[in-house]
Amino acid sequence: MRLVLASASPARRATLIAAGITPIVIVSAVDEDAVLSALPGGRAFTGGRTTPADEVSALAAAKCTNVCEALIRGDTELPTENTLLVVGADSMLEINGHMLGKPHTPEVARERIRAMRRTTATLWTGHSLALLAPASSTQCPQREVTAQITRSASTLVHFGDISDDEIDAYVATGEPLHVAGSFTVDGLGGPFIDGVTGDYHSVVGISLPLLRSMACELGVFWPNLWDTPRR
């Protein structure tokens, strides 16, 4: 069995590799803004019933489903006789009644980091896991989704007292522009974070304990995903 990561995040890939799992990376083609706009309860904190967990879960499920559909269509050259475990993940930062994704521009990143210093925020990460097995019949498609579950994890992030000059220098590296909440805990942004309350891996982008629990729920023995199963 192989694990397929439906994400371009190098941090998620590195986290899995450190845990003994080298994933097959297939980046999803999901319009995140469209997924959030289509939520039946509206966006979180807008007076509707949608929660932060709903938002990251919807994004993760959409990415997982999108990659599963690509695999079912045969868009990749992966052997069809192997069972695949496909994981989609997405993170957003909840702070001051807002859900923040990637800032994309230096101006937005700078403004967000200034608002985050000396505060505590909640990092939400959605996880969607699908079991993609060889089709039960000889007819196309050659794969089928036999089960899919979606869960979320939240972790408190305690930001330090970051000076304006430090913020400018950090933003100039480009690192915070393409990560949820405009910061990393496992990169250049790490020294500016006083600590986390909860699962550190979830802040990096993928919760290993939650992922293992979800895999077990789908009947997957976690050590079978290791590159070299331990005996």
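Residues numbered from 1 in each chain as written. Predicted model: local features only at pLDDT ≥ 70, side-chain atom pairs only at ≥ 80, totals over all residues. Heavy atoms only, no water.

### Some remarks on the pairing of strand β1 (residues 2-5)
For the record, the criterion: Paired strands, in this sense, are two strands between which DSSP finds at least two bridges. Working definition: helices are DSSP H or I runs of at least four residues, strands are E runs of at least two. Numbering for both runs from the N terminus. By convention, orient the strands away from the viewer: a clockwise path from the first strand over the helix to the second makes the crossover right-handed.
Judged from the 4 bridges that link them, β1 and strand β3 (residues 84-95) form a sheet pairing that is parallel. Across the sheet, L5 pairs through a bridge with V87, a residue of β3. Note on the crossover from β1 through helix α1 (residues 10-18) to strand β2 (residues 24-25): the handedness is right-handed.

### Here we look at the nonpolar core
The tendency in soluble globular proteins is for nonpolar side chains to be buried side by side. The following threshold applies: Buried Ala, Val, Leu, Ile, Met, Phe, Trp, Tyr and Cys residues that are joined via side-chain atoms within 4.5 Å together make up what is termed a nonpolar core. Residue exposure (1.4 Å probe, protein chains only): buried if accessible area is under 20% of the type maximum, exposed if over 50%, otherwise partly exposed. We call two residues contacting when some pair of their heavy atoms lies within 4.5 Å.
Counting residues in hydrophobic clusters, the biggest one holds 22 residues, and the most contacted among them are L93, I113, M116, V157, F159 and F183. Elements supplying a minimum of two residues to this core: β3, α4 (106-116), β5 (120-134), β6 (143-159), α5 (164-172) and α6 (200-204). In this view, M116 contacts L93, I95, F159, G181 and F183; residues no more than four positions away in its chain are not counted. L5, L129, L211 and W222 belong to the second-largest nonpolar core, a separate cluster that totals 21 residues.

### Some details on helix α7 (residues 208-217)
This is how it is decided: What the arc measures is the spread of directions leading from the helix axis to the C-beta atoms. Here a polar contact means two N or O atoms within 3.5 Å. Within protein one must be a hydrogen donor candidate and the other an acceptor candidate, and residues neighboring in sequence count only if both atoms are side-chain atoms.
Along α7, the residues that are buried comprise L208, L210, L211, M214 and A215. For α7, the buried positions fall inside an angular range of 160° around the axis, keeping them on one side. Of the surrounding elements, those touching the buried residues of α7 are β1, α1, β3, β5, β6 and α6. Between the side-chain oxygen of the N-cap and the backbone nitrogen of L210 there are 3.3 Å, and the N-cap of α7 in question is S207. Directly beyond the C-terminal end of α7, a positive phi value near 85° is found at G219.

### Considerations on the pairing of β6
The side chains of a regular strand alternate between the sheet's two faces. Pairing analysis gives 15 bridges linking β5 to β6, with the strands arranged antiparallel. Note that in β6 the partner of G126 across the bridge is S152. In this sheet, strand β7 (residues 193-197) lies alongside β6 in antiparallel orientation, the contact comprising 4 bridges. Note on β7: the bridge partner recorded for H158 is G195.

Nothing here speaks to function; it is all geometry.
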